[in-house]
Amino acid sequence: QVQLAESGGGLVQAGGSLRLSCAASGRTFSSYTMGWFRQAPGKEREFVAAVTWAIGTTYYADSVKGRFTISRDNAKNTVYLQMNSLKPEDTAVYYCAADYRANSDNVYRQGSYDYWGQGTQVTVSS
């Protein structure tokens, strides 16, 4: 069982930055591919970024590529999402998720993830 807790959300002006953190419980964090997803009001939840469990390969949605950076610290059981050059369309609830030993074929699929956090609100004002 893994519990995930996101933090770092808030209100920021367009062009600003935020860093989200997701702290995981358990002793096998390094065995989980970690992903970030987001859900804007009235829209479906969508993939944002992921970092794999073994090699640490990163993946990004086209809409955030070049602006967001995902990273993980296995010693701290934490995954981060550094968000720069934020836009109003980045406004959403951001969720982190964990997928046990997921390979690259599954990083984009929400249904592949085993555990989810409660989410943290990010609001970008224009």
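Computed from a prediction, not measured in an experiment: that's the story for all the values here.

The rules we used
- Here the residue numbers are simple positions, counted from 1 along each chain's written sequence.
- Only residues with pLDDT of at least 70 get local features here, since the model is predicted, and only at 80 or more are side-chain atom pairs given and counted; chain-wide, interface and lining totals rely on the full set of residues.
- Only hydrogens and water are set aside; all other atoms, that is, all heavy atoms of the structure, feed into the side-chain values.
- Two strands qualify as a pair provided that DSSP identifies no fewer than 2 bridges between them.
- In DSSP terms, a helix is any run of H or I states spanning at least four residues, a strand is any run of E spanning at least two, and both are numbered starting from the N terminus.
- To get an axis, fit a line to the C-alpha atoms, keeping to the stretch in contact for a helix; angles then go from 0 to 180 degrees between the N-to-C directions.
- Residue exposure (1.4 Å probe, protein chains only): buried if accessible area is under 20% of the type maximum, exposed if over 50%, otherwise partly exposed.

## Considerations on the sheet that holds strand E7 (residues 68–73)
Okay, step 1: Pairing is antiparallel across the open sheet formed by four strands, whose spatial order is E1-E3-E8-E7. Only two strands of the sheet have a single partner each, and these edge strands are strand E1 (4–7) and E7. When strand polarity is set aside, the average angle formed by the axes of neighbouring strands in this sheet is 15 degrees.

## Quick look at the pairing of E7
Okay, step 1: Only one face of E7 is buried: it carries Phe68, Ile70 and Arg72, and the other face, with Thr69, Ser71 and Asp73, is open.
Okay, step 2: Where E7 meets strand E8 (residues 78–83), six bridges bridge the pair, whose relative direction is antiparallel. Bridge assignment links Ser71 to a residue of E8, and that residue is Tyr80.
Okay, step 3: The hairpin formed by E7 and E8 contains four residues between the paired strands, and Asn77 there has a positive phi angle of roughly 55 degrees.

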